[in-house]
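# Fold and geometry: a report
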Amino acid sequence: MKPEIIIMLTHNDLTVKNAMEVFESCKDLPVKNWGFKDVGIPVEEMIELNKAMKAAGKTTFLEVVTYTEEGCLKGAQLAIDCGFDYLTGTVFFPSIVEKMKGTDISYHPFGGKVGGSPVELKGTVEEIVADCKRIMEAGADGIDLTAYRYVDGDPLELTKAVADAVGFDKVMMAGSIGTKERVRLMEDLGLAGYTMGSALFNSAFIENGTFRENLEYVLEYKKECE
């Protein structure tokens, strides 16, 4: 299984102000999955941006980085109001599963003990695996794993352990895929998908290159990995 790449119009954990402009400049590229965070631009702009993505035939993702039940439910309602295909992030709460019922939105919460901004993931591998299994058994559709934000161990060991426990096709990798080596690793692991945003804005692949130029480079490199 080859993972899907999910392009996030986010930089430094915020949706960029010119997200619509960036999307319009790249929507012709062969990228199916696009998304952004629930912070950085007004809700009205989020709704319009999601509409533009859907009109272009894209699958859309909203990532919510907040840790209270109230905040997570607010993010879930935003996903419903905007018409997203996926809600990712949030701390898992059964109330979110209930809110998602009757919608076509796929819910992929963070696995393990997360906190801070940018996100940090803490705990033993065994604790995080157990939490991911609990979340899946309680009704989540998949796991949003911040393995490269893991501060208590090896990201690769953690990723393999979680994927073995819940299924490689149920795990999305969120954050810090900003090198060819990590792209190659994601392709080889065969997870459901991985997000990429800040690396493209930071010209991580083509120095001083535009967002589009960096994205084109990544898409070509993905082909080499096949």
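The coordinates are above.
Our subject in this report is the structure included herewith. (Residues numbered from 1 in each chain as written. Predicted model: local features only at pLDDT ≥ 70, side-chain atom pairs only at ≥ 80, totals over all residues. Heavy atoms only, no water.)

Its place among the elements puts V39 in the loop between β4 (33–37) and α2 (43–55). Through-space distance from the C-alpha of V39 to that of V65 is 8.8 Å; in sequence the pair is 26 residues apart. When sequence neighbours within four positions are dropped, the list of residues in contact with V39 reads D13, L14, T15 and M46. (Helix = DSSP H or I, 4+ residues; strand = E, 2+ residues; numbered from the N terminus. Contact = heavy atoms within 4.5 Å.)

The subject of this paragraph is the sheet that holds strand β1 (residues 4–8). Taken together, the 8 strands give an open sheet; going across it, the order is β7-β6-β5-β4-β1-β12-β11-β10, and neighbouring strands pair in parallel fashion. Only two strands of the sheet have a single partner each, and these edge strands are β7 (106–108) and β10 (143–145). Taken pair by pair, the neighbouring strands of this sheet meet at an average axis angle of 25 degrees, ignoring direction. Here 2 bridges tie strand β11 (residues 171–173) to strand β12 (residues 193–196), and the two strands are oriented parallel to one another. (Pairing = 2+ DSSP bridges. Axes fitted to C-alpha atoms, helices over the stretch in contact; angles between N-to-C directions.)

Each regular strand displays side chains that alternate between the two surfaces of the sheet. A two-sided burial pattern is seen for β12, the buried positions comprising G193 and T195 on one face and Y194 and M196 on the other. Handedness of the crossover joining β11 and β12 through helix α7 (residues 180–189) is recorded here as right-handed. (Buried < 20%, exposed > 50% of the residue type's maximum accessible area, 1.4 Å probe, protein only. Right-handed = clockwise from strand over helix to strand, strands pointing away.)

Counting residues in each nonpolar core, the largest one holds 70 residues, and the members touching the most others are L9, W34, L87, M196 and L215. Of the residues forming this core, the biggest block, 6 residues, is contributed by helix α9 (residues 211–225). Among the nonpolar cores identified, the runner-up in size contains 5 residues, and I6, M8, F61 and A192 belong to it. (Core = buried A, V, L, I, M, F, W, Y, C linked by side-chain atoms within 4.5 Å.)

It is worth spelling out a negative patch on the surface at this point. The grouping of E126, E127, D152, D154 and E157 at the surface amounts to a negative patch. Looking at where E126 falls in the secondary structure, it is placed in helix α5 (residues 125–137). (Patch = residues over 30% accessible without salt bridge, like charges linked within 9 Å, V, L, I, M, F, W, Y side chains within 5 Å. Areas by Shrake-Rupley, 256 points an atom, 1.4 Å probe, with all protein chains shown as cover. Salt bridge = Lys/Arg side-chain N within 4 Å of Asp/Glu carboxyl O. Lys, Arg positive; Asp, Glu negative; His and termini not counted. Charge placed at Lys NZ, Arg CZ, Asp CG, Glu CD.)

Moving on, we get to the side chain of T195. Here T195 shows up in strand β12. Within the structure, the side chain of T195 is placed 3.2 Å from the backbone nitrogen of G175, a separation counted as a polar contact. T195 has contacts with I6, M8, M173, A174, G175 and I177, leaving out every residue within four places of it along the chain. (Polar contact = N/O pair within 3.5 Å; in protein donor to acceptor, adjacent residues only side chain to side chain.)

So, about empty space enclosed by the protein. The tally for this structure, following the rule as stated, stands at 1 cavity of 30 Å³ or more. In this structure, the largest cavity encloses a volume near 40 Å³. Looking at the largest cavity, the residues that line it are M8, F61, E63, T88, D144, M172 and T195. Looking at the lining of the largest cavity residue by residue, the class counts come to 3 nonpolar, 2 polar and 2 charged. (1 Å grid on protein atoms, 1.4 Å probe; cavity = no way out; pocket = protein on both sides within 12 Å on 5 of 7 lines; lining within 4 Å. Points joined across faces, edges and corners; volume = space filled by probe spheres on them. Nonpolar A, V, L, I, M, F, W, Y, C, P; charged D, E, K, R; others polar.)

What follows deals with the pattern of salt bridges. Once the charged atoms of two side chains with opposite charge are near each other, the side chains can pair. Evaluated as defined, the whole model comprises 12 salt bridges. The shortest N-O distance in the salt bridge between D13 and K37 comes to 3.5 Å. Here K37 lies in strand β4 and D13 lies in the loop between β2 (10–11) and β3 (14–15), a separation of 24 residues in the sequence. Each member of the pair, D13 as well as K37, is classed as buried. In this structure, E48 engages K51 in a salt bridge whose closest nitrogen and oxygen atoms are separated by 3.7 Å. You can see E48 and its partner K51 sitting in helix α2, 3 residues apart, about one turn around the helix. On the basis of relative accessible area, E48 is assigned to the partly exposed category, the value being 41%. For K51, a relative accessible area of 46% corresponds to the partly exposed category. Within the structure, one salt-bridge network assembled from shared partners comprises D13, K37 and E63.

Moving on, we come to the packing of aromatic side chains. Inspection of every chain in the model, using the stated rule, returns 6 aromatic pairs. Their ring planes at 65 degrees and their centres at 5.2 Å tell us that F36 and F84 sit as a pair that is edge-to-face. Of the two residues, F36 is situated in strand β4 and F84 in the loop between α3 (69–82) and β6 (86–89); the sequence distance between them amounts to 48 residues. Of the two residues, F36 and F84, neither departs from the other in class, the shared state being buried. Their ring planes at 20 degrees and their centres at 6.2 Å tell us that F92 and Y107 sit as a pair that is stacked. On the criterion of sequence distance, the pair formed by F92 in the loop between β6 and α4 (94–100) and Y107 in strand β7 is long-range, its members being 15 residues apart. The ring of Y148 has R182 sitting right over it, with the charged end atom 3.9 Å from the ring centre. (Phe/Tyr/Trp six-rings, centres within 6.5 Å; stacked < 30°, edge-to-face > 60°. Lys NZ or Arg CZ within 6 Å of the ring centre and 35° of its normal.)

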